[in-house]
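Survey of secondary and tertiary structure
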Amino acid sequence: MGSVLFVVLFACVVFQNTHAVPVPVADGKALVPADSLSCVATRLSPGDAPVVDCDLAEPGSEEDTFTTATIVDLSSPFARCEIGPSSSAETGFEFDCSPFPAIELEKPVVKGRTLEVSEGAVSCEVTGLQKCRRATPVAVNCKGAKPSDDSPRFGKGVVFEFPEGATSRCDITAGPDGQIVQSCVGSPLLAIAEPVVEEGKVTLPAGATNCEVIPGGDDNEPVVTCAALVGGCSDPTFEEGAMVDLPADFDSDTTCTIEAVEGGEPKISCKLPPKVPVFEDGTLSIPEGIASCEVTGLEECIKPALTKASCKYADPNSDVPKFGKSATFNLLKGFSRCVLTPREGDEAFVDCTPTPPSETILKETINGRSVTLPVGAVSCTVTPAEEEGDYEVECVGVTEGCNDPEFEEETVTTLPKDSFESCTVTPRKGKPFVACETGE
């Protein structure tokens, strides 16, 4: 007899001893029902009202629960909170909350004396604004708002211009409309003594970074003003007892600047009164104390070139050679420029650049006394050729550096009938002017 196999399927159901219920929230407060095991409050974004769900224990459960209905304040900024009963807490419950992640700010950008503020920042601290001789880096620290914070924030493209004057730090915050509200702190100055001028010497105050010397009063005595070290700067300063000598010929047109040098003697540089070189009868007289002169306008032109001299003074405290009181230079022709520097005493070392030769734009032999002058010629020379009645014609263009008139159109002129050794033809008021040498 065959056997019958019975397969019995059992459906298993797992019963949990809790079930979740939503809890209403009013005015930022939730009423947690009694017998709640725990609650979870969540916000999708800052400023949203929290959504609260609580797990209720099943009847007869021995787990810890809220024994009575409890009001829980949920007004603090959070993204998610787990709320559970606690017999040790005064309130009867405890929180475990996590905030929204902080808002990341773009790096602020400093360009020159301006700051492009980070978009979304509520405030920035700007330091290193003091003006120093040795550049000080500007540091910027911007703070963003917390996600739940409704404080005003800077928008895109907000620019803060650093204030002028002795300012070391500024705190800027976003106003109600995103405008800049600033609060700045001045740079303290180191206290220094007054400089002393005596017998052509200046005693410099310790702690000063630099001094200016100008003539003052009816007798043009030197007047010295010094700048103290600015707080926050690392500029070099004068040591105690530091001194410098003023130029012997200090007068009403002299100004001097004295600067402190790291680990060295103070550096003085002076602007002496300008002395103009003098041209007379083809000679240039060079002023005393000059280190070099550049002379231009020495080209040989039909229309005389304007000769100019540009001279540079030597620092009176340097060892650079200088011209004495009686230095002269005989002007040379046929050069585009000459540079003069002193050798010994009043002798000048001359370095001249020759003028490039004029371009020959016509060279031909003609028969007869009718000459055609080409466009662009400033001068044409005509001489008799070997054959009777023939003439050699040579025309040149403008010499570099000259401003001679030239023939603007092809022009015909007639040579004189009398015999000559050479004739020169130049434009004069647009017409040919002929000058001849007869050799007599």
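**A look at the overall build of the protein**
Secondary structure assignment for the protein yields zero helices and 36 strands. Here the protein has a C-alpha radius of gyration of 48 Å; the compact-globule value for 440 residues is 22 Å, and the former is much larger. Within the protein, counting contacts between residues at least 6 apart in sequence, those at least 24 apart form 54% of the total. Carbon and sulfur atoms make up 50% of the accessible area of the protein, which amounts to about 27,500 Å² in all. Considering the protein, the positive charge centre built from 32 side chains and the negative charge centre built from 72 side chains are found 4 Å apart.

**Side note on the sheet that holds strand E30 (residues 360-367)**
Ordered by their spatial adjacency, five strands build an open sheet running E30-E33-E32-E35-E36, and the pairing between neighbours is antiparallel. The open sheet is flanked by E30 and strand E36 (431-437), the only strands paired with a single partner. This sheet shows a mean twist of 20 degrees between the axes of neighbouring strands, independent of strand direction. Examined bridge by bridge, E30 and strand E33 (residues 390-396) share seven bridges and lie antiparallel to one another. The residue of E33 that forms the bridge with Thr365 is Glu392.

**So, unusual backbone geometry**
Positioned with a positive phi, Asp35 is a non-glycine residue whose angle comes to about 70 degrees. Mapped onto the fold, Asp35 is located in the loop between strand E3 (29-32) and strand E4 (36-42). Take Asp35: its relative accessible area is 45%, and that puts it in the partly exposed class. Its identity as a non-glycine residue notwithstanding, Lys429 has a phi of 55 degrees, on the positive side. Along the polypeptide, Lys429 turns up in the loop between strand E35 (422-428) and E36. Since its relative accessible area comes to 85%, Lys429 is described here as exposed.

**Focus: the sheet that holds strand E28 (residues 335-342)**
An order of E26-E25-E28-E29 is seen for the four strands of this open sheet, with the pairing classed as antiparallel. Each edge of the sheet is formed by a strand with only one pairing partner; in this case those strands are strand E26 (308-313) and strand E29 (348-354). Averaged over all pairs of adjacent strands, the angle between their axes in this sheet comes to 15 degrees, without regard to strand direction.

**A few points about the environment of Glu294**
Mapped onto the fold, Glu294 is located in strand E25 (residues 290-296). C-alpha of Glu294 to C-alpha of Gly389: the two residues are 95 residues apart in sequence and 49 Å apart in space. Ignoring anything within four residues of it in the chain, the contact list for Glu294 reads Lys308, Ala309, Ser310, Arg337, Cys338 and Val339. Polar side-chain contacts of Glu294 include one of 2.6 Å to the side chain of Arg337.

**Let's talk about the confidence of the model for the protein**
Per-residue confidence for the protein gives a mean pLDDT of 84; residues scoring 70 or more make up 92%. Across the protein, the element-wise mean pLDDT spans from 79 in strand E23 (residues 278-280) up to 94 in E33. Throughout residues 1-17 the model reports pLDDT below 50, and contacts reaching past four residues in sequence, or to other chains, amount to six contacts.

**Structural notes on the packing of aromatic side chains**
For any pair of aromatic rings, the description rests on two quantities: the centre-to-centre distance and the angle between the ring planes. What the rule picks out here adds up to four aromatic pairs. When the centroid spacing of 6.5 Å and the interplanar angle of 40 degrees are considered together, the rings of Phe66 and Phe93 count as tilted. Taken together, the residues span a long stretch of sequence, with Phe66 in the loop between strand E5 (51-57) and strand E6 (70-73) and Phe93 in strand E8 (residues 93-98) at a distance of 27 residues. Residue classification places Phe93 among the buried positions, given a relative accessible area of 10%. Ring-pair connections join several aromatic residues into one group, and the members of that group are Phe66, Phe93 and Phe95. Above the plane of the ring of Phe78 lies Arg43, whose end atom (NZ or CZ) is 4.2 Å from the centre. Residue placement shows Arg428 over the ring face of Phe433; its charged tip is 3.6 Å from the ring centre.

**Notes on the state of the cysteines**
Summed over all chains, the structure comprises 12 disulfides. With a sulfur-sulfur separation of 1.9 Å, Cys39 is cross-linked through a disulfide to Cys54. The sign of the S-S torsion, about 105 degrees, decides the handedness of the disulfide formed by Cys39 and Cys54: right-handed. Of this pair, Cys39 sits in strand E4 while Cys54 sits in strand E5, and the two are 15 residues apart along the sequence. The class for Cys39 is buried, based on a relative accessible area of 1%. Two residues share a disulfide in this structure: Cys338 and Cys352, whose sulfurs sit 1.9 Å from each other. On the sign convention where negative is left-handed, the bridge of Cys338 and Cys352, at about 110 degrees about the S-S bond, is right-handed. Of this pair, Cys338 sits in strand E28 while Cys352 is found in strand E29, placing the two residues 14 residues apart along the sequence. Of the two residues, Cys338 and Cys352, both sit in the buried class.

**As for the pairing of strand E7 (residues 80-85)**
As paired elements, E4 and E7 share four bridges and run antiparallel to each other. From the neighbouring strand, Thr42 faces E7, where its bridge partner is Arg80. In the sheet, E7 pairs with E8 via six bridges, with the strands oriented antiparallel. For Glu82, the partnering residue across the bridge sits in E8 and is Asp96.

**Thoughts on a negative patch on the surface**
There is a patch of like negative charges on the surface, built from Asp249, Asp251, Asp253 and Glu288. Considering the arrangement of structural elements, one finds Asp249 in the loop between strand E20 (243-245) and strand E21 (255-259). What makes Asp249 partly exposed here is its relative accessible area of 41%.

What counts and how
- Counting starts from 1 at the beginning of each chain's written sequence and moves along it residue by residue.
- The predicted origin of the model limits local features to residues at a pLDDT of at least 70 and limits the giving and counting of side-chain atom pairs to 80 or more, whereas totals for whole chains, interfaces and linings rest on all residues.
- In computing side-chain properties, one takes all heavy atoms of the structure into account and sets aside hydrogens as well as water.
- Segments assigned H or I by DSSP are reported as helices when at least four residues long, segments assigned E as strands when at least two residues long, and all are numbered from the N terminus.
- The globule rule used for comparison is 2.2 Å times the number of residues to the exponent 0.38, while the radius of gyration itself is calculated over C-alpha atoms.
- Between two residues, a contact is recorded if the distance between any of their heavy atoms is within 4.5 Å.
- The protein chains shown are the only cover counted for residues, whose accessible areas, like all others here, come from Shrake-Rupley with a 1.4 Å probe.
- We treat Lys and Arg as the positive residues and Asp and Glu as the negative residues; His and chain ends play no part in the count.
- By convention, the point assigned to a charge is CZ for Arg, NZ for Lys, CD for Glu and CG for Asp.
- Between any two strands, at least two bridges found by DSSP are needed for them to pair.
- Only C-alpha atoms enter the line fits that serve as axes; for helices the fit covers just the stretch in contact. Angles between N-to-C directions range over 0 to 180 degrees.
- Relative accessible area decides the class of each residue, using a 1.4 Å probe on protein chains only: under 20% of the type maximum gives buried, over 50% gives exposed, and in between gives partly exposed.
- Whenever a nitrogen or oxygen atom comes within 3.5 Å of another N or O atom, the pair is scored as a polar contact, on the condition that within protein one atom can donate a hydrogen and the other can accept it, and that pairs from neighbouring residues in sequence are kept only if both atoms are in side chains.
- By definition, pLDDT measures how confident the predictor is in each residue, and it falls between 0 and 100.
- Side-chain rings of Phe, Tyr and Trp, where Trp is taken by its six-membered ring, are said to pair if the distance between their centres is within 6.5 Å; with planes under 30 degrees apart they count as stacked, over 60 as edge-to-face, and otherwise as tilted.
- In this scheme, the term charge over a ring applies when either NZ of a lysine or CZ of an arginine sits within 6 Å of the ring centre and within 35 degrees of the ring normal.
- When two cysteine sulfur atoms are found within 2.5 Å, that pair is recorded as a disulfide.
- Grouping into patches uses exposed residues only, defined as over 30% relative accessible area, and leaves out salt-bridged ones; the cut-off is 9 Å for like charges and 5 Å for nonpolar side chains (Val, Leu, Ile, Met, Phe, Trp, Tyr).
- Salt bridges are defined as contacts in which a side-chain nitrogen from Lys or Arg sits within 4 Å of a carboxyl oxygen from Asp or Glu.

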